[in-house]
Amino acid sequence: LPGAPNLAIYGYTADGSAPSRPGGPVLIVDQGATVNLTLANNLAAPTALTIVGVEMAPDLDGVAPGASRTYTFTAAQPGTYLYEAGLIPGGARQVALGLYGALIVRPAGAPSQLYDAASAFDDEAVLVFSEIDPRLNANPAGFDLRDFQPQYFLINGQVYPGADVIPTAAGRTLALRYINAGLHNRTVGLLGVDQSVVGLDGLPLAFPRGAMAESVAPGASVDALVRVPAAAPAGTRYPLFDTGLTYLHNPGQPDPGGPLTLVTVDSAVTPAPVGPLARSVQVTPNPTTGLSGVTLSAVLSSSSANVVAAEYFIDTLGAPGTGTAFAGLAPGASASVSAFINAATLATLAPDSHPLFVRGQDANGVWGPVNSAILDLVTTGPIVSSLNLRPGGLDLDGLKTSPTRGDADVRLYGTASTGHEDASGAVTVTTAQYAISGPGLGAPVTGAVDVTPPGVNTAALSAVIPASAVNGLTPAGVSGVFTVSVTAQDSLGNTGAAGVVSLYLDKQGPAVQGAPVVRLTPNNGTLPVDTFSYAVRVDATFTDPLVNGVQSNIDWAELYIGQPGQPGTGAPIPFYPTRAVFSSPSEPAYATIPLATVNQLAQGAQTLYLRGRDAAGNWGPYTQATLVVDKAGPVITGLALANTATPRVLRLSGTATDAAVPGATGSTIMRAEWFRGTDPGLGLGTAIPAADGVFNSPSELVAVNINTNGWAAGAYVISARAQDQAGNWGLIATRNLTITTSGARIFAADFAAGSFTDWTAAYGLSNSQLSVTTPAGEGALAAGDGQLEARVKGAFPAYLVDRTPYDEATYGASFQFQPADAASLAGGAVDIFTGLDRQTTLFGVQYQRTGSGHALRFYAVDAAGNPQATAWQPISAGPHQIEVIWQAGAEATLTFSVDGAATRLTLDTAGYGLDEVRLGLQGEGLQAGMSGALYFDNFSSSRQPYNVYLPALRK
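On a predicted model such as this, the values are computed, not experimentally measured, just so you know. (Residues numbered from 1 in each chain as written. Predicted model: local features only at pLDDT ≥ 70, side-chain atom pairs only at ≥ 80, totals over all residues. Heavy atoms only, no water.)

Student: Which parts of the structure should I look at to understand the nonpolar core?
Tutor: One broad rule of soluble globular proteins: the nonpolar side chains tend to lie buried together. Counting 50 residues, the largest nonpolar core has Y811, F817, F833, F843 and F939 as its most contacted members. In this structure, L37, M56, I88 and L99 belong to the second largest nonpolar core, which totals 30 residues. (Core = buried A, V, L, I, M, F, W, Y, C linked by side-chain atoms within 4.5 Å. Buried < 20%, exposed > 50% of the residue type's maximum accessible area, 1.4 Å probe, protein only.)

Following this line, the structure appears as structure tokens:
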């Protein structure tokens, strides 16, 4: 083997002689024959025989040393089979040492077919693939097979360039029988022609398939056909090799080796005679720059006649006898030849890999097959690629710049490759250096680049460019883009073309674009920007300038309350990117100042200092904004009550003023309110609008009309206060008011007489729905006292009408209501008491029966005809006292009471006058299918709401 000492191997021979190579002879039998194989064991240990894919009883005992055994089987199926050491202890070790071979079963009567007529062939070759780990051969018994790492990969027990060639002729069909006796997959390709796979593991394929390279698993066999082109000239060579390339070498040898042989095209159909074989074709020195010439050498051997001549070709193979002759050849069965190819000849060749073809001629005039060596002519230096800088280059995605500001070392990364395939690794990257150039820079800044690991074809490049050198590329505060050029040298002394990368130097920080926005200012420390953030919010956009082609992303932003570095300023408050992450040269961002912090600040204008930092580390200038802290509320002065042209309507007015704070004016007045008597709480009073219709200054005249219709006679305290933009409520200002009035009864009825003739009218289905009944049962009215029964009959209304009121501006009514017999009224809201003017229903009381019980509510319409209603109030099935107070006015207060619990509505009812009320079943809530009855008693009404006649409840 090339580059290795002689190795002890196992093998099979037909006559018992010592094997010269691993493996055994090709055994050929006919289909249907009974085959007897006698195994004579000349080893020092037992061995057995197995044939993969053949029906034969396995030998699990083996043949003892010095003994023999005959194995018998029937050759049933044509195909290609592997025979090897059998399944006994040590069998796998014996296979790895060489006990394997090929068995061919030919179709009966058809020796030139693989299987059937479609698989006929002219020539055939058997190729058994295997491998050798010299450590096993050196210690066959002691080597641990788990450490098996083969170094040589063989075809028929040979390695290239010593492998036998496969002769054929143009236009012929070549059968190739592949067997894998090794432990590694083989992917076998025949460069230049396609293969047709017709059988696998001794079984024909129903449909042959084409293959450029066919995979052969360990222990498997493949039968393929190759059609040699009819136009292929004599001397054409088709390399047959493992296309995985992993095993295509011999240790320590510069040329390709391992599982490689050649299919050669001869001029004649028959392969014989074969001329001299060219072996050990070498060129030295290799690789070379071509400056001093190279020597081509080879060994030619012939088994039929003496070698008498030899020739070589560069790049292109010519016809036999047309090449450059080797001088000084001494004829013989074996001849060593050499030729010197001078530098002038090499200078005519392009820098590349060049094949050098060698062949010899014997005394019979027969030229032998061609062998070759590859000359690596290297005249260009290493290729530098994948350069980048950290920082100062592109980001990890290679999309955006990542500038440096020059205060930190810049690390240079890249790759250098010799740029050509050199299996021996003889041409390596040795040294490299960088040079920085750019506008305004005199002599380039240079430095050495580390090459790691040393002595390889492709190496990693790295260098540290000192911060002092980077910072000195430009004057202080000036940014710029510079070119970093990197060149590398190889072991032959060639310097390659420069690879370049841009260095981005950024010395200017970002600025605030536009004016910052402070929300909410002024503030008293309790006014949040929204319900999710109890803070004051500051919005700003930070932008890094584009200077001389350099611009960095925003990396950070912050603000200080008060000038940084001064006592009391504290730690900065960070800005958060509005778009979730800082990732561009211009970023909107926001900062939040907690209300707890605002509350601790002194009253007055507080200066906020904002600044940003870019990804290169540059801080921009401070930009100022103002937060006004206002903790004092506005004061109402000149609060007055005055009569208006409308009776019982008073004008309340005054001036709300917010005092100035240090460094700023007072806050804008935002609202004002008034209330009568007890304070309902901040913001719960009745609104007082600005006299000019809008609150927009720190001093506002406020005024409102107060309708006192329905107020009982007595003394009242009217209070007013205002709130400013900072959220502060001011102190209360008050005025005293005395009202003198008396009430006036409108109408009353208690149904004690057993009829309802004192009402203006009665409506119902032939009046059969309305009657006066005597209550009975516990909780009802006492016996002998009548009550109104309104009986439900589907959607038909039934109610009493009182038209005693006449254009009343104030009206109060009370009555007793009992829904005891209303179980079948579920499904709608039924009006039980309404008030109307001549065209419009002004208000009403509604009853609703639900699955959970009974409920009442009150509704009224405003001057525009829009209804408003109270919430539903749950009640029991027993009797309840109902009270309604209605009045007309711009801000009228309407009261609805159930058993003394009052609910109020405030709305504009100006322009209305009450002319009629209705008691009983009415409204769109009545629906078909409803039944039952509602009961009413003790009705009373008055013009003055607080002087309504309220009869006592009687049990």
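Next, the rest of the story.
Student: Would you mind showing me how to read unusual backbone geometry here?
Tutor: The phi angle of most residues is negative, glycine excepted, and most peptide bonds adopt the trans form. Residue P285 is reached from T284 by a cis peptide bond, and omega for that bond is -10 degrees. Its location among the elements puts P285 in the loop between β18 (277-284) and β19 (294-301). Going from T452 to P453, the amide bond is cis rather than trans, its omega being -15 degrees. Even without a glycine there, the phi angle at D201 is positive, about 55 degrees. Inspection of the secondary structure assignment puts D201 in the loop between β12 (195-200) and β13 (203-211). Its identity as a non-glycine residue notwithstanding, S386 has a phi of 55 degrees, on the positive side. Structurally, the position occupied by S386 is in strand β25 (residues 383-390). Relative accessible area serves as the criterion here: at 59%, S386 is assigned to the exposed category. (Helix = DSSP H or I, 4+ residues; strand = E, 2+ residues; numbered from the N terminus.)

Student: Sorry if this is basic, but what is going on with the packing of aromatic side chains here?
Tutor: To describe a pair of aromatic rings, you give the distance between the ring centres and the angle between the ring planes. Summed over the entire model, instances satisfying the criterion amount to 24 aromatic pairs. With centroids separated by 5.2 Å and ring planes inclined at 50 degrees, the aromatic side chains of W759 and F939 adopt a geometry described as tilted. Within this pair, whereas W759 is found in the loop between β47 (745-749) and β48 (761-763), its partner F939 is found in strand β62 (residues 931-942), the two being separated by 180 residues in sequence. Each member of the pair W759 and F939 is classed as buried. Considering the side-chain rings of F815 and F939, the 6.4 Å spacing of their centres and the 25 degrees angle between planes classify their relative orientation as stacked. Taken as a pair, F815 in strand β52 (residues 810-821) and F939 in strand β62 lie far apart in primary sequence, 124 residues in all. Both residues of the pair, F815 and F939, count as buried. In this arrangement the basic side chain of R611 is found over the ring face of W619, its NZ or CZ atom lying 3.7 Å from the centre. For the cation-ring pair, R676 lies above W711, with the distance from its terminal atom to the ring centre recorded as 4.3 Å. (Phe/Tyr/Trp six-rings, centres within 6.5 Å; stacked < 30°, edge-to-face > 60°. Lys NZ or Arg CZ within 6 Å of the ring centre and 35° of its normal.)

Student: How do you make sense of empty space enclosed by the protein when you look at a structure like this?
Tutor: Regions of empty space are outlined by a rolling probe, equal in size to a water molecule, passed over the atoms. In this structure the tally under the stated criterion is 2 cavities of 30 Å³ or more. In this model, the largest cavity occupies a volume close to 130 Å³. As for the largest cavity, its lining consists of 14 residues, of which P161, A163, V165, A278 and N371 are closest to the centre. Of all elements in the fold, only β17 (260-266) and β18 reach the threshold of two or more residues within the lining of the largest cavity. (1 Å grid on protein atoms, 1.4 Å probe; cavity = no way out; pocket = protein on both sides within 12 Å on 5 of 7 lines; lining within 4 Å. Points joined across faces, edges and corners; volume = space filled by probe spheres on them.)

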